[in-house]
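# Architecture and fold: a report
Each chain, written out:
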Amino acid sequence: MSERAAVVGAGTMGNGIAHVLAQHGWDVTLVDVAPAALERALATIGTNLDRQVKKGALAAEAKAEILGRIRPATAMGEVRGASLVVEAATERKDLKLRLFEELDAAADAGAVLASNTSSISITEIAARTTRPDAVIGMHFMNPVPVMQLVEVIRGHATSDATTARTMALARALGKVPVEVNDYPGFVANRILLPMINEAIFCVMEGVAEPEAVDTVMKLGMAHPMGPLALADFIGLDVCLAILEVLHQGLGDDKYRPCPLLRRMVAAGHLGRKSGRGFYPYGDR
Ligand code: NAD
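The model shown is predicted, which means the values in this text are computed figures rather than measured ones.

Counting its secondary structure elements, the protein contains eleven helices and eight strands. The C-alpha radius of gyration of the protein comes to 19 Å, within 12% of the 19 Å expected for a compact globule of 284 residues. Along the first, second and third principal axes, the C-alpha set of the protein runs to 60 × 45 × 30 Å. Considering the protein as a whole, with its 284 residues, one finds that 49% of them fall into the buried category. For the protein, long-range pairs separated by at least 24 residues make up 64% of all intrachain contacts whose partners lie at least 6 apart in sequence. For the protein, the accessible surface area stands at approximately 13,400 Å², while carbon and sulfur atoms represent 55% of it.

Quick look at the structure:
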């Protein structure tokens, strides 16, 4: 019998994590409070599997088998029986703290409780449970089926055993895990967001137009995507929230969010998802 994992939150990241787990033989319970999110997630996973089949990366028969391993659910109690729980719900601290109290009550003893948070302290999340040694960050990158990295974040009380299990789990999913400690932004966002912020300062100060900034970084630094196009992809509201965490958590003004970023978020220009950010996205 294959092992069961539970993924809590069926949005952008949750559907990708469920996809990768099921593709690697796990039975997956995908939990979301919104039934519509579960429907969308299954449709997205189907479309992404089709793409893999078209590219020759997956046998056509595998699609139904993989989808058949994913069981949608709306109640947190459904995480019972999972040896791995990955939380990928909305990035709100109050929500995650409450969710981990619920997960602690519902999940099996011995399960690894992982959070895919981009910026919330794993130590604080873990402290809400009776088993902080079993709580860890498992920070997948978007799009999950494509990106190789998993940042594995050790909270203050995370045990060596939980860390070793999580590193091995990530490798078994075909990913490359990197172990980091729990400080604001971990490593990925601590380095990425100040770069994006500086690119926005360049635009605000009239140093260069967005296209020019992105071209410099693509052709000059061999980045596959310019920082402003990437900011639009991530979501400008998400970028702002992560910068606030860095600024507050590290207490250094070098992380202060650029006023232009604040202004664009206030205007509702959030990037791809709102149809407009540093670039227009006409179809939304
Ligand atoms: P999203 O908004 O696409 O999806 C979040 C989902 O969580 C929604 O479907 C929502 O209905 C669900 N949800 C909310 N409350 C819930 C609850 N109590 N129980 C179960 N489900 C609940 O968000 P996302 O972009 O997938 O982000 C999820 C997590 O992954 C966040 O912590 C985010 O910081 C992190 N992350 C995001 C990215 C990215 O590029 N989007 C990259 C790395 C990490």
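The environment of the ligand is formed by 21 residues, the closest being Met13, Asp32, Glu91, Lys96 and Ser118. A distance of 3.0 Å separates an oxygen atom of the ligand from a polar backbone atom of Thr12. Ala89 has a polar backbone atom sitting 3.4 Å from an oxygen atom of the ligand. Taken together, the elements giving at least two residues each to the shell around the ligand come down to helix H1 (12-23), helix H4 (93-106) and strand S6 (135-140). Of the residues assigned to the shell around the ligand, the class counts are nine nonpolar, nine polar and three charged.

It is worth spelling out the domain arrangement of the protein at this point. Segmenting the protein into domains produces domain 1 (4-181) and domain 2 (189-272). Between the C-alpha centres of domain 1 and domain 2 there is a distance of 27 Å. With four residues of domain 1 at the interface, the matching set in domain 2 holds four residues. Interface area for domain 1 against domain 2, summed over the two sides, is near 350 Å², with a carbon-plus-sulfur share of 57%. Counting the surface domain 1 buries against domain 2, the share from its top three residues, Ser118, Ser119 and Asn142, is 77%. Counting the contacts that link domain 1 with domain 2 gives zero salt bridges. Linking domain 1 to domain 2 there are one residue pair in polar contact (both at pLDDT 80 or more). Residues of the side of domain 1 that touches domain 2, tallied by class, amount to no nonpolar, four polar and no charged.

The next thing to look at is the environment of Ala164. Note that Ala164 resides in helix H6 (residues 160-172). Residue Ala164 is classed as partly exposed on the basis of its relative accessible area, which comes to 46%.

In this section: the side chain of Asn189. As for its placement among the helices and strands, Asn189 is situated in helix H7 (residues 188-204). Within the structure, the side chain of Asn189 is placed 3.1 Å from the backbone oxygen of Ser118, a separation counted as a polar contact. Those residues within four positions of Asn189 in sequence are excluded, and the remaining contacts are Ser118, His139, Pro194, Ile242 and Leu246.

Before going further, it helps to examine helix H11 (residues 259-266). Restricting attention to buried positions, one finds in H11 the residues Leu260, Leu261 and Met264. Along H11, the residues classed as buried sweep out an arc of 100 degrees about the axis, all on the same side. Exposed and oriented more than 90 degrees from the buried face of H11 are Arg263 and Ala266. Buried-residue contacts for H11 involve H7 and helix H10 (236-250). In the segment just after H11, Gly268 is the residue with positive phi, at about 80 degrees.

Procedures and definitions
- Residues numbered from 1 in each chain as written.
- Predicted model: local features only at pLDDT ≥ 70, side-chain atom pairs only at ≥ 80, totals over all residues.
- Heavy atoms only, no water.
- Helix = DSSP H or I, 4+ residues; strand = E, 2+ residues; numbered from the N terminus.
- Rg over C-alpha atoms; globule rule 2.2 N^0.38 Å.
- Buried < 20%, exposed > 50% of the residue type's maximum accessible area, 1.4 Å probe, protein only.
- Contact = heavy atoms within 4.5 Å.
- Areas by Shrake-Rupley, 256 points an atom, 1.4 Å probe, with all protein chains shown as cover.
- Near = heavy atom within 4 Å.
- Polar contact = N/O pair within 3.5 Å; in protein donor to acceptor, adjacent residues only side chain to side chain.
- Nonpolar A, V, L, I, M, F, W, Y, C, P; charged D, E, K, R; others polar.
- Domains from an automatic or database assignment.
- Buried area = accessible area lost by both parts, 1.4 Å probe.
- Salt bridge = Lys/Arg side-chain N within 4 Å of Asp/Glu carboxyl O.
- Arc of directions from axis to C-beta.

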